[in-house]
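# Commentary on secondary and tertiary structure
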Amino acid sequence: MPGDSFEDQQQFSEYYAARREVVRRTAYLLCGDWHWADDLTQVAFMRLAVSWRKVRDRGALDAFVRTCLMRAYLSETRRAWRRREHSHADVPDTRAGPDAVEQSAARSAFTAALGQLPPRQRAVLVWRYYHDLDVAATAEAMGCSEGTVKSHAARGLTRLKQLLGDDLELRSAEMVERCP
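Reference entry: report on the structure contained in this document. (Residues numbered from 1 in each chain as written. Predicted model: local features only at pLDDT ≥ 70, side-chain atom pairs only at ≥ 80, totals over all residues. Heavy atoms only, no water.)

## Quick notes on the overall build of the chain
Basically, it comes down to this: A run of DSSP states H or I qualifies as a helix once it reaches four residues; a run of E qualifies as a strand once it reaches two. Both are numbered from the N-terminal end. Here, residues are in contact when the closest pair of their heavy atoms is within 4.5 Å. The Shrake-Rupley method, run with a 1.4 Å probe sphere, supplies the accessible areas, and residue values consider only the shown protein chains as cover.
A count of helical and extended segments in the chain gives nine helices and zero strands. For the chain, the N- to C-terminal ordering of α and β elements is α-α-α-α-α-α-α-α-α. Sequence separation of at least 24 residues holds for 68% of the intrachain contacts in the chain that already meet a minimum separation of 6. Total accessible area on the chain stands at roughly 10200 Å², and carbon and sulfur atoms take up 50% of it.

In structure tokens:
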């Protein structure tokens, strides 16, 4: 943000500090890889930094970052080298307790099932059910029609149910509540 005022830099720093982990977790749900999630998070915030002074409505920052994250993710999924390089690296669960192993297994199973969906279906499910966006907001973030969002959501949920069986509702609730 060279040349911007100190106040602009301070506001951006505060926003970044407050929202970085949420954006990073969302990126992880989209791509299933922490290293790639870090890259996507960085791209989204770099695009925000470049456009910071142009954003008139500070209440729309989350939507702007979501759109940047979505576009970066979908762009990366189109690159052949990204599909080959996917590392499947995961961050170990550091929570203690008797259910930590079971929770970690449920999260891993859900993330693996989510990873088997096409990128746009996966993105719709993350925006609709993890971020609790309505159909219109999801369509706006993805740059598509509401009908496309509805069909991707229906197909994605059907496929997840096939992959996870009857535990879909339980596992998806656990994933949302305990996402790393």
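From this point, the discussion proceeds with the structure in view.
## Description of the packing of helix α1 (residues 6–31) against helix α6 (residues 119–130)
What counts here: Here an axis means a line fitted to C-alpha atoms, over the contact stretch when the element is a helix, while the angle between two N-to-C directions is reported on a 0 to 180 degree scale. Angle categories are assigned with fixed cut-offs, so that under 35 degrees is roughly parallel, over 145 is roughly antiparallel, 65 to 115 is roughly perpendicular, and the rest are oblique. Crossings are classed by handedness, with left-handed meaning an anticlockwise turn of the near helix from the far one by less than a right angle and right-handed meaning a clockwise turn. Residue polarity follows a fixed list, in which Ala, Val, Leu, Ile, Met, Phe, Trp, Tyr, Cys and Pro are nonpolar, Asp, Glu, Lys and Arg are charged, and the others, Gly among them, are polar.
At a minimum axis separation of 9 Å, α1 and α6 run at an interaxial angle of 140°. On the basis of their axis angle, the class for α1 and α6 is oblique. Relative to α6, the crossing made by α1 is right-handed. Taking contact as the criterion, the partners of Arg25, Thr26, Tyr28, Leu29, Leu30 and Cys31 in α1 are, on α6, Arg122, Ala123, Val126, Trp127 and Tyr130. Taken together, the residues of the contact of α1 with α6 sort by class into eight nonpolar, one polar and two charged.

## A word on unusual backbone geometry
Although it is not a glycine, aspartate 132 adopts a positive phi angle of roughly 55°. Note that aspartate 132 resides in the loop between α6 and α7 (135–142).

## What about helix α2 (residues 34–51)?
Note the cut-off: Take the residue count of a helix, subtract one, and multiply by 1.5 Å to get its expected span. When accessible area is computed with a 1.4 Å probe and restricted to protein chains, residues below 20% of their type maximum are described as buried, those above 50% as exposed, and intermediate ones as partly exposed. N or O atoms within 3.5 Å of each other form a polar contact, as long as, within protein, one can give a hydrogen and the other can take it, and as long as residues adjacent in sequence are counted only when both atoms are side-chain atoms.
Given a rise of 1.5 Å per residue, 18 residues ought to cover 26 Å, and the 26 Å separating the end C-alpha atoms of α2 matches this to within 8%. Here α2 has its buried residues at Trp34, Trp36, Ala37, Leu40, Thr41, Ala44, Phe45, Leu48, Ala49 and Ser51. For α2, the side-chain oxygen to backbone nitrogen distance between the N-cap and histidine 35 is 2.9 Å, and the N-cap itself is aspartate 33.

## Structural notes on the nonpolar core
Rules: Nonpolar cores were defined as sets of buried Ala, Val, Leu, Ile, Met, Phe, Trp, Tyr and Cys residues, with membership established by side-chain atoms within 4.5 Å.
Of all hydrophobic cores here, the largest spans 44 residues; its most connected members are Leu40, Leu48, Leu69, Tyr73, Leu114 and Trp127. Setting aside anything within four residues of it in sequence, one finds leucine 40 in contact with Ala27, Cys31, Leu69, Ala72, Tyr73 and Glu76.

## Considering the packing of aromatic side chains
The description of an aromatic ring pair uses the distance of the two centres, along with the angle that the planes make with each other. The following threshold applies: Classification of ring pairs uses Phe, Tyr and Trp, with its six-membered ring standing for Trp, and accepts pairs whose centres are within 6.5 Å; under 30 degrees between planes counts as stacked, over 60 as edge-to-face, and the remaining range as tilted.
The tally for this structure, following the rule as stated, stands at seven aromatic pairs. Between phenylalanine 12 and tyrosine 16, the aromatic rings sit 6.4 Å apart at their centres with planes inclined by 20°, giving stacked as the arrangement. Note that phenylalanine 12 and tyrosine 16 are positioned in helix α1 at a spacing of four residues, about one turn of the helix. According to the relative accessible area criterion, tyrosine 16 is partly exposed, its value standing at 33%. Between the aromatic rings of tyrosine 28 and tryptophan 34, the centroid separation amounts to 4.1 Å while the plane-to-plane angle is 10°, which identifies the pairing as stacked. Accessibility classification places tyrosine 28 together with tryptophan 34 in one group, the buried group.

## Focus: the side chain of arginine 66
This is how the line gets drawn: Positive charges come from Lys and Arg alone, negative charges from Asp and Glu alone, with His and the N- and C-terminal ends not counted. What counts as a salt bridge is simple: a side-chain nitrogen of Lys or Arg found within 4 Å of a carboxyl oxygen of Asp or Glu.
Following the sequence through the fold, arginine 66 ends up in helix α3 (residues 61–77). Of the side chains with opposite charge, aspartate 62 lies nearest to the buried arginine 66, which makes no salt bridge, at 5.2 Å. When residues no more than four places from it in sequence are discounted, the contact partners of arginine 66 are Trp127 and Leu133.

## Re helix α8 (residues 146–164)
Which entries qualify depends on this criterion: Comment: arc refers to directions from the helix axis out to C-beta atoms.
Helix length check: α8, at 19 residues, gives a terminal C-alpha distance of 26 Å against a target of 27 Å (1.5 Å per residue), a fit within 8%. Of the residues making up α8, those classed as buried are Val149, His152, Ala153, Gly156, Leu160 and Leu164. Viewed end-on, α8 has its buried residues packed into an arc of 105°, placing them on one side of the element. What points out from α8, more than 90 degrees from its buried face, is the exposed set Lys150, Arg155 and Gln162. Count one or two residues on from α8 and you reach glycine 165, which has phi positive near 75°.

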